[in-house]
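# Fold and contact review
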Amino acid sequence: MMFHYPFPMHMRLLAPLIVWTVCQFQHLAAQTLQGQLFTRDGEPAAGAVVTVEELRKRTLTRSDGTYRFESIPAGTYTLRIGGIGYQQLVRRISIASGETLFLQDTIGIEARTMSEVVVYGASRRLEKITDAPAAISVVMPNDLARATTHGQLPKTLEHFQGVDVVQSGMNDFNVNTRGFNTSINRRVLVLIDGRDPSTPLLNLLEWNSLQQQMSDVRSIEVIRGPGSALYGANAYNGVINITTYAPREVLGTTASITGGEFATFRASVRHAAALDRLSYKISAGVSFQNQVWIQSRDTTAGGRLEYPGLARDVTGQIVWGRRITNIDSLINAHRRAYLYAFTVRADYDFSDVQRLVLDLGYSRYGNEYFVNQTGRILIPNVEKPYVRLAYNSERFNIQGYWTRRVTPEPQIVMNAAATSAEKSDVAMLDAQWNDHFFDERLRVIAGIQHSYEHVRTAVAGALAIIDPSELHNNFTGLYGQAEYSLLPTLRLVGALRLDRSTFFETQLSPKGGIVWSPTAEHTFRATVNRSFLRPSYPDKYRRSPAGPPVAFARIDSIISAQTGVQRLGIQSLPQWNLGNPTIGVESAVSYEVGYKGVIGRSLYLTLDAYINQRRNFISVPLGGLAPQVYRPVRYGDRRADSLLRVELNRINPAYFDRLAYDRDGTAALIITPTNIAEVVERGVELGINYYISDYLMLSGNAAWLDYRVIENSVSAQKIVPNTSPRRYNLGVSYTIPRQFDVSINLRYVDKFTWVAGLFEGVVPSYAVVNLNASYYLTDDLRVSVNVFNLLDRPHYEIFGGTILRRYATAGLSYELH
């Protein structure tokens, strides 16, 4: 009997292979991993992130704590569970062919164990916060999630002890730690994934120009106190270390939209995905608000000063050939602050501990009003692109980046008939090695850093504000740190950094410390550090008008007629604000003791005391501060020079000291900065977090500051810390992860004196209540509300700044995983 196959011969030969392949796919499809997660009190743990690491699969637990993975190949895997509000849980699992594996786990709430919080910035390596050899504060994940409603990163820092956050307008923030704040603060180094986003010209940070969205921020660490031994220049009062999520940590799509008072509108979207070893993340956002708190201060044309002592606005600035004639019209044309930003990041994982990162971003922002040392400056339009390439492994971390700041149109100085502009490029390379020896008793970090800065100010039709108008400078730093455990409970820490530059003299920044941990939950430390602050480019090379020319021919004639001396032949005196090429760095030596501890698993306590000895303050520009650079104009006759003082005093008592020859030999009225004074600063900082339950936390902190001027060679330059001597914060928060949370904070700042440039006055005491709440409508959809200054108490936080009022926003965010 013969059988006839309905298929061709080649199909008959392939049939067994096809059947076998189908069976294998059926096996693959048959393996299912599912589970349910609970908190320690038996409640479902919603919104926890569950990851199968080897397969790079990720999902979130639902509102009942359940999760599910389909099509899991048979094998053994590492299951990692964590996420915002939860501790990390890691376990090994095995799943057999055709099996449906069901797991049930219990996870702890993160806030209950501050000792498990890991930080990087204090030692340039990961360590527990209780082990860090520095005073350090961390923005917890719940607080970062709340901040997505308002989108203002500095506001997440204002409730930390020893951190001074002052605001003017919608987005002009000044962040400092401890004392001696300034209108344009460059005393704290800010890093985002190791990249410095500050503007090269002034070293200040424009907080509304950041390319990253708040939802992209993974952690924020604030190191209070000097950090130059590891980070170099400008880590003078501290370091703010911001890290963003890697793509694999946020797989899926998120979108948010925010609206609120003053026609606020914000929107952002992020998508992250993985393709085997390659993962990527794309994010973009926009933001708009009306600057309703900004008003004209031109008192000659209907403007008003919000409080006594402010500098008035003036007209006459030239922008693209057109003269500004009305401040009200200028403000109305630039009333709406805006930001457009995006980032793209791609990671390639060679292994679990070896990664290559390509990161690029761009932002365009404008219509911001910044307080400076002489008044206010309007920033109409700024573009800031960057590119970052990094290689990270267990022993080596190498990173390079390029960043640019460019002003397509001039910035307008509102209290002077002047404009400014900038096109600056920074290229930086940082290579770091770390290792441990002697059974990890000795840990070593060593690195080299080099950066190149190219600054131009004769752009966008504005007059150059530095001379020469184009500058090139190189900065090189060699650094290292060693930690040695003498005993299991006792560590010695030593660090040293050498900074060389074409811009300032060579600096050596050492650090030494001892850390004693009698138990795993308690750490005592004592440290001594040296830090330094580099001058800005205008400090050295500024050349900008300081006022209209002053007629001098008549004075010259009077003095010659009355004393018989030969006339100087000067017709008029231009007024200049000039840099001082001999100015040096500002330095400080800090002595600090501190304690960090977890008491009874419910109370987290920090206590820090410090003494800072500051030298060579960089003064504001004044007359007569650099006679070796700008030779005073004098007749060489005692009687004639005495009469010269009398005549100039009739116009302005400051003019006699300002009268000097500039570097071209032209007589002018010149102001310039220099290094002055020695000051001793003392302070104490206390912080308490008390966890009543897994969900309810009370927090409170206080900072006290005092100072004494040891020496001040320039009596005209007053020395004050520009910081309140007493600051207090109280807060309460209730959080059920991925379901509901609410927080309310009270911030009190005692009155203090503010002196910066032409500004001198008192900032009155103020108390502000802030409220934030959110609720998950579904597992993926969250609605939130934020109110700053809930009681609408009018106040100002920086002398020269605007009056601040209540600001309420509400937002909606959606996550798709």
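Check the entry above for the structure.
Conventions we followed
- Residues numbered from 1 in each chain as written.
- Predicted model: local features only at pLDDT ≥ 70, side-chain atom pairs only at ≥ 80, totals over all residues.
- Heavy atoms only, no water.
- Salt bridge = Lys/Arg side-chain N within 4 Å of Asp/Glu carboxyl O.
- Helix = DSSP H or I, 4+ residues; strand = E, 2+ residues; numbered from the N terminus.
- Buried < 20%, exposed > 50% of the residue type's maximum accessible area, 1.4 Å probe, protein only.
- Contact = heavy atoms within 4.5 Å.
- Polar contact = N/O pair within 3.5 Å; in protein donor to acceptor, adjacent residues only side chain to side chain.
- Phe/Tyr/Trp six-rings, centres within 6.5 Å; stacked < 30°, edge-to-face > 60°.
- Lys NZ or Arg CZ within 6 Å of the ring centre and 35° of its normal.

### Points about the pattern of salt bridges
- Applying the stated criterion across every chain, the model contains 47 salt bridges.
- Here Glu440 makes a salt bridge to Arg443, at a shortest N to O gap of 2.9 Å.
- One salt-bridge network, held together by shared partners, links Arg178, Arg224, Arg525, Glu592, Asp608 and Glu685.

### What about the environment of Ser198?
- With respect to the helices and strands, Ser198 occurs in the loop between strand E13 (188-192) and strand E14 (217-224).
- Its relative accessible area of 16% is what places Ser198 among the buried residues.
- For the pair Ser198 and Arg405, spaced 207 residues apart in sequence, the C-alpha separation works out to 9.0 Å.
- For Ser198, the residues in contact, after removing those within four places along its chain, are Asn203, Leu204 and Leu205.
- A distance of 2.9 Å separates polar atoms of two side chains, one belonging to Ser198 and the other to Asp196.

### Observations regarding unusual backbone geometry
- The omega angle of the peptide bond from Asp467 to Pro468 is 5 degrees, so this bond is cis rather than trans.
- In this structure, Asp276 is a non-glycine residue whose phi angle is positive, near 55 degrees.
- For Asn616, which is not glycine, the phi torsion reads 60 degrees and is therefore positive.
- Residue classification places Asn616 among the partly exposed positions, given a relative accessible area of 37%.

### Focus on the packing of aromatic side chains
- By the definition in use, this model includes 24 aromatic pairs.
- Ring centres of Phe342 and Tyr362 lie 6.0 Å apart, and the angle between their planes is 35 degrees; this geometry places the pair in the tilted category. Highlighted residues: Phe342 in strand E21 (residues 336-351) and Tyr362 in strand E22 (residues 354-366), separated in sequence by 20 residues.
- Accessibility expressed as a relative area gives 35% for Phe342, which makes it partly exposed.
- Three or more aromatic residues link up through ring pairs in this structure, and these residues are Phe475, Phe503, Phe504, Phe532, Tyr537 and Tyr541.
- One Lys or Arg, Arg195, reaches over the ring of Tyr386 and ends 3.7 Å from the middle of that ring.
- Looking at Lys540, its charged tip hangs above the ring of Phe503, at a distance of 5.6 Å from the centre.

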